[in-house]
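Understanding the architecture of this molecule
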Amino acid sequence: MQLIYSSLEILTNLDRESILKSIELAGRTCYKSEDKITSDSATYFAKMICKKGHGAVLEFGPDITVRFIIDRGVSHELVRHRLCSFAQESTRYCNYAKQGHVIFIIPPWVNLGPGEYTKLPTKLSESENIWFNSLLAAEKAYLELLQHNWLPQAARSVLPNSLKTEIVVKANIREWHHILELRCSKQAHPQMRGVMLPILNILKINLPEIFGDIEYD
Ligand SMILES: Cc1cc2nc3c(=O)[nH]c(=O)nc-3n(C[C@H](O)[C@H](O)[C@H](O)COP(=O)(O)OP(=O)(O)OC[C@H]3O[C@@H](n4cnc5c(N)ncnc54)[C@H](O)[C@@H]3O)c2cc1C
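Values in this document were obtained by computation on a predicted structure and should not be read as measured data.

Now for the site of the ligand. Around the ligand, a shell composed of R80, H81, R82, L83, E175, H178, L182, R183 and Q187 is seen. One of the side-chain N or O atoms of H178 is found 2.7 Å from an oxygen atom in the ligand. In this structure, R183 approaches the ligand through a side-chain N or O atom, which is 3.5 Å from an oxygen atom. The protein chains hide 46% of the 930 Å² of surface that the ligand would expose on its own. Classifying every residue of the shell around the ligand gives two nonpolar, three polar and four charged.

Structure representation (C-alpha cells):
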C-alpha cells in the first residue's frame, strides 16, 4: 500500500487587482457611485463592503477553484458545503488494482512518512500498529474481491475513511470566506484544518481586504 500526506493546489490565478475591480464594478451599482472608480479605488471599496457585511457583493468576484488530495473522511465533510461545485475521484469507476495498490492518507497524529509499505514498520506505537494493520487488511480484502470478479463499486465497501481521494472544489469568494471561517476554527477536524489553513494564509496575502478578518489559533 502507499501512504501519502494530504495536499492542495489553488488552480485559480489570484490576480488581486482584477478580482477587486470586478467586485467594485458590480458593487458600486448599489450606491450609484461608479463615478468614484479610480485606478486604486477597488481596495477601499472591497474593505468597505466587508466592513458593512454586504457579502453578496463578493459573489461578483471570480470563482476560486482548489484541488485537494485528502482522505475520504475529510472529503465527506467538504461536500457538505452546498454552494460549491465538486468533481471527485470515483471509487465506482477507478479500479485501484490497476495501480497495484491502494493509496491512503497519513493523519498528522501518525508518526510515519510517505512511501510504499508491504509490512509493519518496527518503529510504530501500539495504536499506530492498529491503524496500519487495518489499512493493510482493507487493501488486501479490496484487491482479493476484485480477483473474485467484484466490480470496484462493490469492492470499495471494505475501504476506510483513510482512503486517498482527489477532489476539485469551486466556489465564489463569499462562500470560500464562509468555508474558511468554519474549517480553520479550532472546532474543525485537524485534517480539515491541515488543508484549509494554507488556503487561508494564501488568500490573506493575496486578498487581505476580504480574508484578513478571519482569525485562528
Ligand atoms: C465543526 C463542525 C462540526 C460539524 N459537525 C457535524 C455533525 O456532527 N453532523 C452533521 O451532519 N454535520 C456537521 N457539520 C456540517 C455542518 O452541519 C454543515 O453541513 C456544513 O458546515 C456546511 O455549512 P453551511 O450549511 O453553513 O454552509 P454551505 O452549505 O456552505 O452554505 C453557505 C451558507 O448558505 C446558506 N444556505 C445554504 N443552503 C441553504 C439552505 N438550503 N437554506 C438556507 N440557507 C442556506 C447558509 O447561510 C449557509 O451558512 C459540522 C461542521 C463543522 C464546521
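Before going further, it helps to spend a moment on the state of the cysteines. Note on terminology: disulfide describes a covalent bond linking the sulfur atoms of two cysteines. Throughout the structure, instances matching the rule amount to zero disulfides. Not part of a disulfide, C30 finds its nearest cysteine sulfur in C50, a span of 13 Å.

With that out of the way, let us pick up the packing of helix α6 (residues 173-183) against helix α7 (residues 190-206). Interaxial distance between α6 and α7 falls to 9 Å at its minimum, and their mutual angle equals 130 degrees. Here α7 runs oblique to α6, going by the angle between their axes. For the element pair α6 and α7, the recorded crossing hand is left-handed. Mapping the contact onto sequence places W176, I179, L180 and R183 in α6 and M192, R193, M196, I199, L200 and L203 in α7. Tallied by class, the residues present in the contact of α6 with α7 amount to eight nonpolar, no polar and two charged.

Moving on, we get to the side chain of S33. Locating S33 in the fold gives a position in the loop between α1 (16-31) and α2 (41-52). Of the residues examined, S33 reaches a relative accessible area of 8% and is grouped as buried.

Moving on: α6. When α6 is considered as a whole, its buried residues turn out to be I173, E175, W176, H177, I179, L180 and R183. Lining the buried residues of α6 we find α1, β3 (64-71), α3 (72-78), β7 (164-171), α7 and α8 (208-211). The N-capping residue of α6, defined by a side-chain oxygen 3.1 Å from the backbone nitrogen of R174, is N172.

About the cut-offs
The numbers attached to residues start from 1 for each chain and follow its sequence in the written order. Where totals are concerned, whole chains, interfaces and linings use all residues; where local detail is concerned, this predicted model gives features only for residues with pLDDT of at least 70, and gives and counts side-chain atom pairs only at 80 or more. The basis for the side-chain values is all heavy atoms of the structure; hydrogens and waters are excluded. The criterion for a residue being near a molecule or strand is simple. One of its heavy atoms has to lie within 4 Å of it. Polar contact criterion, stated in full: a pair of N or O atoms within 3.5 Å, where within protein one must be able to donate a hydrogen and the other to accept it, and residues adjacent in sequence count only if both atoms are side-chain atoms. Note on areas: Shrake-Rupley with a 1.4 Å probe; residue coverage comes only from the protein chains shown. Note that Gly is not counted as nonpolar here; it falls among the polar residues with everything else outside the nonpolar set of Ala, Val, Leu, Ile, Met, Phe, Trp, Tyr, Cys and Pro and the charged set of Asp, Glu, Lys and Arg. Cysteine sulfurs are considered disulfide-paired once they come within 2.5 Å of each other. Working convention: axes come from line fits to C-alpha atoms, limited for helices to the stretch in contact. Angles between N-to-C directions cover 0 to 180 degrees. The helix and strand labels rest on DSSP assignments: H or I over at least four residues marks a helix, E over at least two residues marks a strand, and numbering proceeds from the N terminus. Small angles under 35 degrees read as roughly parallel and large ones over 145 as roughly antiparallel, with 65 to 115 read as roughly perpendicular and the rest as oblique. Two helices crossing with the near one rotated counterclockwise from the far one by less than a right angle form a left-handed crossing, whereas a clockwise rotation gives a right-handed crossing. Contacts between residues were defined by any pair of non-hydrogen atoms, one from each residue, lying within 4.5 Å. Note on classification: 1.4 Å probe, protein chains only; a residue is buried when its accessible area is under 20% of the maximum for its type, exposed when over 50%, partly exposed between these limits.

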